[in-house]
Each structure stands twice: as C-alpha cells, then as structure tokens.
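Okay, here's what each chain looks like letter by letter:
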Amino acid sequence: MKRILPLIALPLLLTACGLRPVYGGGSQGPVAQALGNVTVEPIEGKAGWLMRNALNDRLSAMQGGSGPRYKLMVKLDDNISGFGLRADAAITRERRTLRARYQLVDETTGTQLLDDTAGSDAGIDVTSSEYATIAAEDTALERLSQTVADQIITRLALYSRKAARP
C-alpha cells in the first residue's frame, strides 16, 4: 500500500504545478490542429531537401487541421570546419554545423508569427579513405537535419499551445 500511494499522488502533484501535455486532446487538440495546417516552403540545396523532408514527415502525422493556414520558411547555414591536426598538418577531425533560421507566417494576413533559430553540430572522423569521410559527412548531415527538424517542430508546438490559450 505504501508503494501505491506515491503512484496515485504523482498525477495530482503534476497537475497542481501547471504541467499540461503539449499535444493534449490528441489529433483534435489545438496544437495538432495548428501544426496540421503548416506547409513548408522549399529550401535550397541538399541540406534543404533533407530538412524539408524531415519537417514534412513530422507534420504529416497531424494533417487535416482546421483554422488558419501557415507557411514555414527556413534558411539553412551548413558548415564543415576542420580541427585536430596531425604532425604532418593533416586534419583528423571535422565539425559539421547546421543552423536554421525559420519563420512562421500566417498565410491569410501575411503576419510573421514566429522568427527563431535552431541548430546542432556533429563531429566527424577524417580517415585516409576519402569515400569514408564523404559518407560520414553525409550521414552527419542526415542526422543533423533530423535533430534540427525536431527542434523546430517542438518550438512550433510550444508557440501553438501558447497561442491557443485564452
């Protein structure tokens, strides 16, 4: 009985502190309805293609929303810098950085609702095989696109939840 009491009290404590699920109401909730109306504008380059696909994958789970329609515009900065030098001045390690500046715009009024940035970086080992290094750089870009897309969707969800509150 002593072990069950804390489990029963936990939900009551969480609601008392004001915590509410972001996606409360499931697909009919205000956040899912708002995110279901977001269209992602085309983004330049390979990183842009990966980012747009990652964003659309996350938003497609919430398609069919009602209410105002939004467009998401994203500009990416993809950078690879070398560090870690051997005695012969050859680079042994690289850092790939992907930064995104994104804006959420209401399509009906043209009002910019959100202007923010997201980003992440990944370390890459530089090997003697150029093919292996290029493959590692591409893999890092794919992972970074997923990570930054998660950050953007989380921020959009938080904005939608805040906007839905009376």
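For the structure, check the block above.
Residues numbered from 1 in each chain as written. Predicted model: local features only at pLDDT ≥ 70, side-chain atom pairs only at ≥ 80, totals over all residues. Heavy atoms only, no water.

Colleague: Describe the pattern of salt bridges, with residues and values.
Modeller: For the coordinates displayed, the defined rule picks out 7 salt bridges. Among the salt bridges present, the one from arginine 58 reaches aspartate 150, with a minimum N-O distance of 2.4 Å. With arginine 58 in helix α3 (residues 45-60) and aspartate 150 in helix α4 (residues 130-164), this pair connects stretches of sequence that are 92 residues apart. Given a relative accessible area of 19%, arginine 58 falls into the buried group. Judged by relative accessible area, which is 39%, aspartate 150 ranks as partly exposed. The partner of arginine 155 in a salt bridge is aspartate 116, and the shortest N-O contact between them spans 3.0 Å. A residue pair is termed long-range when its members are at least 10 positions apart, and arginine 155 in helix α4 and aspartate 116 in strand β4 (residues 112-125) qualify at 39 residues. (Salt bridge = Lys/Arg side-chain N within 4 Å of Asp/Glu carboxyl O. Helix = DSSP H or I, 4+ residues; strand = E, 2+ residues; numbered from the N terminus. Buried < 20%, exposed > 50% of the residue type's maximum accessible area, 1.4 Å probe, protein only.)

Colleague: Go over the environment of valine 74 with me, naming the residues and quoting the values.
Modeller: Among the secondary structure elements, valine 74 is positioned in strand β2 (residues 70-85). For the pair valine 74 and valine 40, spaced 34 residues apart in sequence, the C-alpha to C-alpha distance is 8.0 Å. Once residues within four sequence positions are removed from consideration, valine 74 is found in contact with Ile43, Leu55, Ala100, Arg101 and Tyr102. (Contact = heavy atoms within 4.5 Å.)

Colleague: Which residues make up α3, and what values do they have?
Modeller: Between its terminal C-alpha atoms α3 stretches 22 Å, which fits the 22 Å expected from 16 residues at 1.5 Å a residue. Burial in α3 covers these residues: Ala47, Gly48, Leu50, Met51, Ala54, Leu55, Arg58 and Leu59. End-on view of α3: buried residues confined to an arc of 165°, all on one side of the axis. Exposed residues on α3 whose side chains face more than 90 degrees from its buried face are Trp49 and Asp57. (Expected span 1.5 Å × (residues − 1). Arc of directions from axis to C-beta.)

Colleague: Which residues make up the nonpolar core, and what values go with them?
Modeller: Core analysis: the largest hydrophobic core is formed by 34 residues, its most contacted members being Leu35, Met51, Leu55, Leu72, Ile152 and Leu156. Contributing elements (two or more residues each) for this core: α2 (30-35), β1 (38-40), α3, β2, β3 (91-106), β4 and α4. It is α4 that provides the largest number of residues to this core, a total of 9 residues. (Core = buried A, V, L, I, M, F, W, Y, C linked by side-chain atoms within 4.5 Å.)

Colleague: Before we move on, could you go through the environment of aspartate 106 and cite the residues and values that matter?
Modeller: Position of aspartate 106 among the secondary structure elements: in strand β3. For aspartate 106, a relative accessible area of 11% translates into the label buried. A sequence separation of 36 residues divides aspartate 106 from tyrosine 70, and the C-alpha atoms of the two residues are 4.6 Å apart.

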